[in-house]
Amino acid sequence: MALIRTSSPHLHKASSTSDVMRLVVLATLPGLAAMTFFFGWGTLINVIWACLLAVGFEASIVKLRKRPLGFYLKDYSALVTALLLGLALPPFAPWWITLVGVFVAIVIAKHLYGGLGQNPFNPAMVAYALLLVSFPLQMTTWNAPFVMINGGESWNVLGFSDTLLLIFGGIEPPLFDSLTSATPLDVMRHRGGLTTEEVWSAIPVLAEGIGAWHAVSAAYFMGGVFLIYRKVFTIHTPLAILATLAIISSLFYALDPYQYADPFFHLTTGATMLGAFFIATDPVTSATSNRGKIVFGIGIGVLIFVIRGWGGYPDAVAFAVLLMNLSAPFIDQYTQPRSYGHAKANRGMKGGM
Amino acid sequence: MSTQFSFHGGVHPPENKHRSTGLAIQTAPIPEQLVVPLSQHIGAPSEVVVSVGDYVLKGQVIAEAAGRISVNVHAPSSGQIVAIEKHEVPHISGMQAPCIIIKTDGKDEWIEHAGLDDYKAIPKQELIDFIRHHGISGMGGAGFPTDVKLHLGDDHIVNTLVLNAMECEPYITADDMLLREHSENVIKGIEVIAHLLQPSHVMIGIEDNKPQAIRALELAAKATNLNLDIVVVPTVYPSGGEKQLIKLLTGVEVPSGRIPADVGIVCQNVGTAAAIYDAVFDGVPLISRIVTLTGEALARPHNMRALIGTPLETLLNTAGVNQSILYRLVVGGPMMGFTVDSQAIPMIKTTNCVIAATYNEMPPAPPANPCIRCGMCEQVCPAELLPQQLHWFAKGKEFEKAKHHNLFDCIECGACSYVCPSNIPLVQYYRFAKAEIRAEEAEQRKSDHARIRFEARQARLEQEKADKEARRKQRAADAAKAQAVKKDKDEAKAAVSASTSAEPDLKALKTAAAVARTKLKKAQKALQNAEEKGLDGQEKLRVTVTELEAKAQAAQEAFDQPQTNKTDTPSLDIKQLKTNAAVARTKLKQAEKALAKAEESGEGDLIELRSKLDAQKVKTEAAQAAFDQAESGGEISDAIPQAKLDEMKADAESAFAKVEKARSALEAVIESGSPAAEKMKAGVEKLQAKYSALKAEYEKALAGNSAAESKSSLSPAEIDALKQDVEALKAKVDKAQAALEAAIASDSPAVEKMKAGVEKLKSKYQAAKSEYDSAVPVPVPVPVPVPVPVPVGVSHHGVDLDDLKSDMDAMLTKVSKAKRALATAEASQSPAVEKMKAGVDKLQSKYDDLKSEYLNAGGKVAEPEVVDPKALKQDVSIMRTKLKKAQTLLDTAESDASLPENELDVLKTEVERLTQLHHEAKEKLDAHDKVLIDKAAAEGIDLKKLKIDAAMARAAVTKAERAATKAREAQTEDLSDIEQELVIAQQKAEKINQTLSRFSD
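Residues numbered from 1 in each chain as written. Chains lettered and ligands numbered in written order. Predicted model: local features only at pLDDT ≥ 70, side-chain atom pairs only at ≥ 80, totals over all residues. Heavy atoms only, no water.

**Here we look at the pairing of strand E10 (residues 201-207) of chain B**
Residues and elements named next belong to chain B.
- Most of E10 is tucked away: six of the seven residues are buried.
- Relative to E10, strand E9 (residues 160-164) is paired through five bridges, and the arrangement is parallel. The residue bridging Asn164 from the neighbouring strand is Gly205, located in E10.
- Taken together, E9, helix H4 (residues 174-197) and E10 form a β-α-β motif whose crossover is right-handed.
- Crossover connection from E10 via helix H5 (residues 211-221) to parallel strand E11 (residues 228-233): handedness right-handed. (Buried < 20%, exposed > 50% of the residue type's maximum accessible area, 1.4 Å probe, protein only. Helix = DSSP H or I, 4+ residues; strand = E, 2+ residues; numbered from the N terminus. Pairing = 2+ DSSP bridges. Right-handed = clockwise from strand over helix to strand, strands pointing away.)

This is the structure in structure tokens:
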């Protein structure tokens, strides 16, 4: 047998990009389960529909770019993108919302920039932001958790086939209105002169339904911790985001508890946990060094609070992440680690540009 | 004791060490043939000291260390040397290298050898030499000659001696087994090292996956008095990297680009310590080592003590290799080792492990996915780099950025590649980037060197040209003076015979003085060179220079003295003054150059230099003024305008030089794409404007002078100036053309602009040329007052010849330059090659034309009509010039009403006096000519022959001079011979000249 010549090292850890992606998919399952449990079959249907679309779009664009199809499909990156988008969309979002979103994410935000590893912006968040700006009605109609329906006596979510019909039929069944409600972030924003305390006691979604959001956030948190444990990403980004958000909201809450929500509310509602553990940690679009990730996370935390507090949109994770994606290369330039044997870290960028 | 320090990152690849520790260390069989490479270490390959057919004994030196960083190579067993040839060696590149091939006789017969009785009793240097003689180099992997490290105590303070027993790479167990079985030897070896380095603390670092070795070490360490700690650290790769180990054990980081000794630490491998023990106590040189044979393709993986030079095949067979499942053969560990594709390759001093891996054990890396910047590599990098960023930079060939991200701190441990989920061969990318950067830097150094050499050559050529010009002028002045002396003698008509005997002495003295000066100059140059490069022997050179200075001074004085006695004082003064002025000018130029250089490099004391320059300027002006004054016969009023003119010209020239320099700097900047180009362009334009203004002023002044001149429209000096202008312009045009071509070749964006500039320069050149051409015919009718037409023709002819010659030489230089440029262009596959070729052809044809023309003209030189009334004629022409000058001055003065009356009178009388003198000189020339013609008629043949001889001798001198210059340029060894020849030729020429002058008297 002829001996081969290769360069060192001759050992490789048995891990691959697809393993990483599979782990991410696995880690979202608790969140997906919680969403399905509290908000009905919509999220699951959305996720599956988005995944099918993603595989389809990925395959066609890879084919169009004349790349090996199997090799690129096997990295599961498209699935992760679709999964995250599906989780972020409202459970009753019509089918074409998902279609447009996945198209934007896979074709425009990812492959037009050169495919995996080359995209400057998080594809799922590009799609989400575009949908939010283009279809505000559909994107802000959130359904009520089952605990608020019929007094929460039993698990009476809309049936699977009804949900399917609702999403793909486009006809609004008579039940629809009774199934939707504002989100906690919405009511906190549009409370019309009520103090925080009054909002908490007066609005049913906060008084009765907040537990659903807490549960979903807890599920995402669990998934995130699992990924950190499996070393898929480091703790830097999520910790920086959550800590920053907690500190800022505490500060404002301490200053004026009547007007601002408490830090726990900020951490456990909306897409904070999903964003901190699954969106902002996308390695391609975030800052790369550990120090850079901390700066990146702090930026996102600040932006989430600012946009939630004073911006025009109910949730802020997508915009915060996109804005920080924009600054990631710059952050990278100024957050090089100090290398072994060097008195201090290099700063800025030499050569080129 | 355990460590409280740690280094960043690291990985935990499967260790696979237990496989090869089941058996004790075995002794490998002696192979039939030993292949011993000459280079098994870092540094110069050893030099063979045996020859084919020799019978060598085990332990006999077969190759000796060559240079400081090198070690001896010994015969691993007894036998006959059958070949000394290139053979495959264990090297990452798979290259072949010189090896000594020994056919073993199986007797394994030792040469006489013995250890040291008491190594502490002999001087340290001897002990180190003993170790060096026994061929010991680092056993850990790199193979750095051990004795060099043992010298580190000489110039470093070594506090800590670190012994590396980490063996962090998977699979390898050679050190583990060595420690298990021979810990006492290792400890004794450490004692020898500690004796040499005298550290206050000795640490042995060992990973916690070798409990038996740790136990053995601890037992052995009880016997030593050293302050020794065995530090057990957690197993993590690459803890055995020197820098990582030091961080791990001491918490100290070795600064980037430095060695551990700089922070008071010396690191040695335990294997090296054992080898030192063998050498010092038993006198056994490094001819064998423990090597781990492992891998799934082996039936009996184990460690064996094998002779250096044993082919891998022998080792593998001993370990029971199954060739059919052997897929990858790795020398070294799986993380940093390299694959080999031949089993005939021998093991060497650094071969600690051979892995015979199967396909399943080390499958080929899967195709790489794109990098998703997951940062896993960053988390494991022991050098705390950003491997993901380095990967992007290497891939995009952004090497500057890679360097900025500390690419060269990468130790190529492979941890990043190991963890990369995208299976990117990161280490290969870094090796590629490093190699590219090194190549780039080498290229840069080369081109810098070439540029410096080119500039030095340019400067030298210019200097030579100037020197030649100065010499020519000097000769003319000398001739005139000699003539004047003779004239005086004629007038006195007394003691004629006495003077002739003194004449040769004077000439000899002059030659001596010139030779002394040349030597002095050369020595000075050598000294300068030495100072610049910081070479040794500066002091010696300086002494030589001082001596030579004194000698030159003495020679000059000796020459000056008789001259003072013989000639009249004023003319001597003039000469001295002229020399002074020239020296001052040279110094000024030097000072200017130094200043410019200092400004460019931003080094040195600029203010001081500038003040020096100013002082020198003042001195130069004073010297020039004094000279001018003296030359014009003490006429202050005459001297001033000329001096001013000169000054203006000098200003213009210096401005021009500045412009040129700025322009070349600009070109360099444009080429390098620096953002400062725009700014520099503006600067250049400003300088250009300044220069133009200066030049215009100067030309105006010149024109004013010439306009004021009553008779001929242009004086020869002005024509000369014009000619120089034309030549300068021509040079500029050529330079610009070359620059343009270079720009075209390099696709510079400034090509269009440069083209326009070249066109402009060309038109300028044309204008200047036409001006000059129109001016040239004037001087032909000028020598009307010269009575004999023949000599004029001859002299005119001679001038033409010189011109032609210099033109030809210039053209030759151009041709060769163009050819060189063409070669470079061809080498770089520039698109402008075709164009350049045509240009070269054109230049060549031009050169040929010139050459033929010159040859035609040169044929005429030998014609018999050659008579030499040169000096007289020159006298006449000098007189004429002076007269003209005075006349001009007078005219200006007359037209200028502001001048006082008495000054006008003075001028008038001066003009009259000069007219008189001119007349006299002319008469004398006429008379002399007549005499000469008569003489020629009387002894015609002799005279002619002599003259031809003289011309030939002169030619020989010129030739010798040229050869000497060339030799100096090339720094050939026969320089002194050539110079000898030159001196001889000069003397011969002088002799003939003397005879000739006696005859023509």
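Next comes the rest of the description.
**Considerations on the sheet that holds strand E17 (residues 353-357) of chain B**
All names here are of chain B.
- If you trace the six strands from one edge of the open sheet to the other, you get E1-E14-E13-E17-E15-E16, paired in mixed fashion. Across the chains shown, the open sheet's two edge strands, defined by having one partner strand only, are strand E1 (26-27) and strand E16 (338-340).
- Relative to strand E14 (residues 302-307), E1 runs parallel, the two being bridged by two bridges. Following the sheet pairing, Thr27 is matched in E14 by Arg305.

**Considerations on the nonpolar core**
- Membership of the largest hydrophobic core comes to 165 residues, with the highest contact counts inside it found for Tyr128(A), Phe278(A), Ile300(A), Ile131(B), Leu161(B), Ile190(B) and Ile204(B).
- Considering every element that reaches this core, the biggest residue donor is H4(B), with twelve residues.
- Among all residues touching Phe278(A), those that are not within four sequence positions of it are Val24(A), Ala27(A), Thr28(A), Leu84(A), Tyr220(A), Gly223(A), Gly224(A), Leu227(A) and Met273(A).
- Within the second largest apolar cluster, 23 residues are counted, among which are Leu326(B), Val331(B), Ile345(B) and Val354(B). (Core = buried A, V, L, I, M, F, W, Y, C linked by side-chain atoms within 4.5 Å. Contact = heavy atoms within 4.5 Å.)

**Things to note about the pattern of salt bridges**
- For the structure shown, the criterion picks out 25 salt bridges over all chains.
- A salt bridge links Arg460(B) to Glu464(B), with the nearest nitrogen and oxygen atoms 3.7 Å apart. With Arg460(B) and Glu464(B) both in helix H13 (residues 426-492), this residue pair falls four residues apart, about one helical turn.
- Look at Glu464(B) and you get partly exposed, because its relative accessible area is 28%.
- It is possible to trace a salt-bridge network through shared partners that takes in Arg338(A), Lys247(B) and Glu253(B). (Salt bridge = Lys/Arg side-chain N within 4 Å of Asp/Glu carboxyl O.)

**Quick notes on the state of the cysteines**
- Tallied over the entire structure, the rule returns zero disulfides over all chains.
- Among the cysteines around Cys381(B), which has no disulfide bond, Cys413(B) carries the closest sulfur, lying 6.4 Å off. (Disulfide = S-S within 2.5 Å.)

**Description of the side chain of Asp175(B)**
All names here are of chain B.
- By the element assignment, Asp175 lies in helix H4.
- No salt bridge is formed by the buried Asp175; the nearest opposite charge belongs to Arg289, separated by 5.0 Å.
- Not counting residues up to four positions away in its chain, the partners in contact with Asp175 are Asn164, Glu167, Asn269, Val270 and Gly271. (Lys, Arg positive; Asp, Glu negative; His and termini not counted.)

**Some details on the environment of Ala97(B)**
- Structurally, Ala97(B) is set in strand E8 (residues 96-104).
- Taking C-alpha positions, Ala97(B) is 7.8 Å from Glu85(B), a pair spaced twelve residues apart along the chain.

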